[in-house]
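Listed below are the residues making up each chain.
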Amino acid sequence: LSQIISQYKIIKIHDFMLKDFDLDFVFNDPETKFIVLERESKISQYISRIVADRLFKWNYVDTSDIKVYVDPDKFLKFKEESINWYKDIETRLINNGYNYLKLSYEKDLEDIDYDIILPKINNWLDENNISYHNNEYKIKYHFKQNQSTLEYVIENFSEIKNLIS
């Protein structure tokens, strides 16, 4: 979005950052605009977090060959915390009167359909009176770091497959 919207700063905040870095102040500025990007597959989100923590890298690295052990109790705790975090964020945005855009990593970005996602983004920009250069822009393809199946990546898949929903 930074390529089409020049007068705004765009900041990406991961779920843990509000807590760890005390970023609650972003909710106090009425000029702040929010896009909530949620990863619906909590197991994929969890694996991504484990791998990123292990590599100390959060993007642009191929992790397809990295296998992880998933501790069932830790995963269930993470899943619950993540679901609650997104509920809390959306409740705060609604209660503070923010018109935010909610995107799903899996539905909106994994296999981008420009006929669906571009009008969704443009409508949100228009609703928030954000001027943008609409010259048939394209969203850069995001680098999918892990091309492997969950069965391949998770060492103990048979143990935890019933926890994945």
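Criteria and cut-off values
Residues numbered from 1 in each chain as written. Predicted model: local features only at pLDDT ≥ 70, side-chain atom pairs only at ≥ 80, totals over all residues. Heavy atoms only, no water. Helix = DSSP H or I, 4+ residues; strand = E, 2+ residues; numbered from the N terminus. Buried < 20%, exposed > 50% of the residue type's maximum accessible area, 1.4 Å probe, protein only. Contact = heavy atoms within 4.5 Å. Areas by Shrake-Rupley, 256 points an atom, 1.4 Å probe, with all protein chains shown as cover. Salt bridge = Lys/Arg side-chain N within 4 Å of Asp/Glu carboxyl O. Phe/Tyr/Trp six-rings, centres within 6.5 Å; stacked < 30°, edge-to-face > 60°. Lys NZ or Arg CZ within 6 Å of the ring centre and 35° of its normal. Core = buried A, V, L, I, M, F, W, Y, C linked by side-chain atoms within 4.5 Å. Axes fitted to C-alpha atoms, helices over the stretch in contact; angles between N-to-C directions. Parallel < 35°, antiparallel > 145°, perpendicular 65-115°, else oblique. Nonpolar A, V, L, I, M, F, W, Y, C, P; charged D, E, K, R; others polar. Expected span 1.5 Å × (residues − 1). Arc of directions from axis to C-beta.

Just checking my understanding: could you explain the overall build of the protein chain for this structure?
Helices and strands together make up the secondary structure of the protein chain, namely seven helices and two strands. From first element to last, N terminus to C terminus, the protein chain shows the α and β order α-β-α-α-β-α-α-α-α. The buried share among the 165 residues of the protein chain stands at 38%. For the protein chain, contacts bridging at least 24 residues in sequence account for 71% of all contacts bridging at least 6. Here the protein chain displays about 10,800 Å² of accessible surface, and carbon together with sulfur accounts for 51% of that area.

Is there a simple way to think about the pattern of salt bridges in this case?
Across all of its chains, the model carries seven salt bridges by this definition. Among the ionic pairs, Glu90 bridges to Lys102, the shortest N-O distance being 2.8 Å. Pair noted here: Glu90 is in helix α3 (residues 72-95) and Lys102 is in strand β2 (residues 101-104), with a separation of twelve residues, a long-range link. Overall, the relative accessible area of 15% leaves Glu90 in the buried class. On the accessibility criterion, Lys102 (35% relative accessible area) is partly exposed. Between Lys120 and Asp108 there is a salt bridge whose closest N-O contact spans 3.2 Å. You can see Lys120 sitting in helix α5 (residues 114-127) and its partner Asp108 sitting in helix α4 (residues 105-110), a full twelve residues away along the chain. Judged by its relative accessible area of 31%, Lys120 falls in the partly exposed class.

Help me out: how do you make sense of the packing of aromatic side chains in this one?
Working definition: an aromatic ring pair is given by the centre-to-centre distance plus the angle between the planes. Enumeration over the complete set of coordinates arrives at four aromatic pairs. Relative to Tyr86, the ring of Trp85 has its centre 4.8 Å away and its plane inclined at 90°; by these criteria the two rings are edge-to-face. Of the residues examined, Tyr86 reaches a relative accessible area of 7% and is grouped as buried. Sitting over the ring of Tyr152, Lys67 keeps its end group 4.0 Å from the ring centre.

How do you make sense of the nonpolar core when you look at a structure like this?
Soluble, globular proteins show a tendency: their nonpolar side chains are buried together. Counting residues in each nonpolar core, the largest one holds 14 residues, and the members touching the most others are Ile43, Ile47, Val68, Val70, Phe75, Ile154 and Ile160. Those elements that provide at least two residues to this core are α2 (42-55), α3 and α7 (157-160). Broken down by element, the residue count for this core peaks at four residues, all from α2. Apart from residues lying up to four places away in sequence, Ile160 is in contact with Ile43, Val70, Pro72 and Ile154.

Teacher, can you tell me more about the packing of α2 against α3 here?
The relative placement of two packed helices comes down to the angle between their axes together with the axis-to-axis distance. Closest axis-to-axis distance for the α2/α3 pair is 10 Å, and the angle between their directions is 110°. Accordingly, the angle class assigned to the pair α2 and α3 is roughly perpendicular. Every residue of α3 that contacts α2 at Lys42, Ile43, Gln45, Tyr46 and Arg49 is listed here: Lys74, Phe75, Phe78, Lys79, Ser82, Ile83 and Tyr86. Residue classes in the contact of α2 with α3 are distributed as six nonpolar, two polar and four charged.

I'm lost on α2 in this one. Help?
Three or four residues apart is the spacing at which side chains of an α-helix point the same way, because the helix has 3.6 residues per turn. An ideal rise of 1.5 Å per residue puts 20 Å on 14 residues; α2 measures up with 20 Å between its terminal C-alpha atoms. Turning to α2, its buried residues are Lys42, Ile43, Ser44, Gln45, Tyr46, Ile47, Arg49, Val51 and Ala52. Directly beyond the C-terminal end of α2, a positive phi value near 55° is found at Phe56.

Whenever I open this one, α5 confuses me. Can you help?
Relative to the 20 Å expected for 14 residues at 1.5 Å per residue, α5 spans 19 Å between its end C-alpha atoms, a close match to the ideal helical length. Of all the positions in α5, only Ile117, Leu118, Ile121, Asn122, Trp124 and Leu125 are classed as buried. The arc enclosing the buried residues of α5, seen along the axis, measures out at 160°, which places them on a common side. Among the exposed residues of α5, those oriented more than 90 degrees off its buried face are Asp115, Ile116 and Glu127. Lining the buried residues of α5 we find β1 (35-38), β2 and α4.

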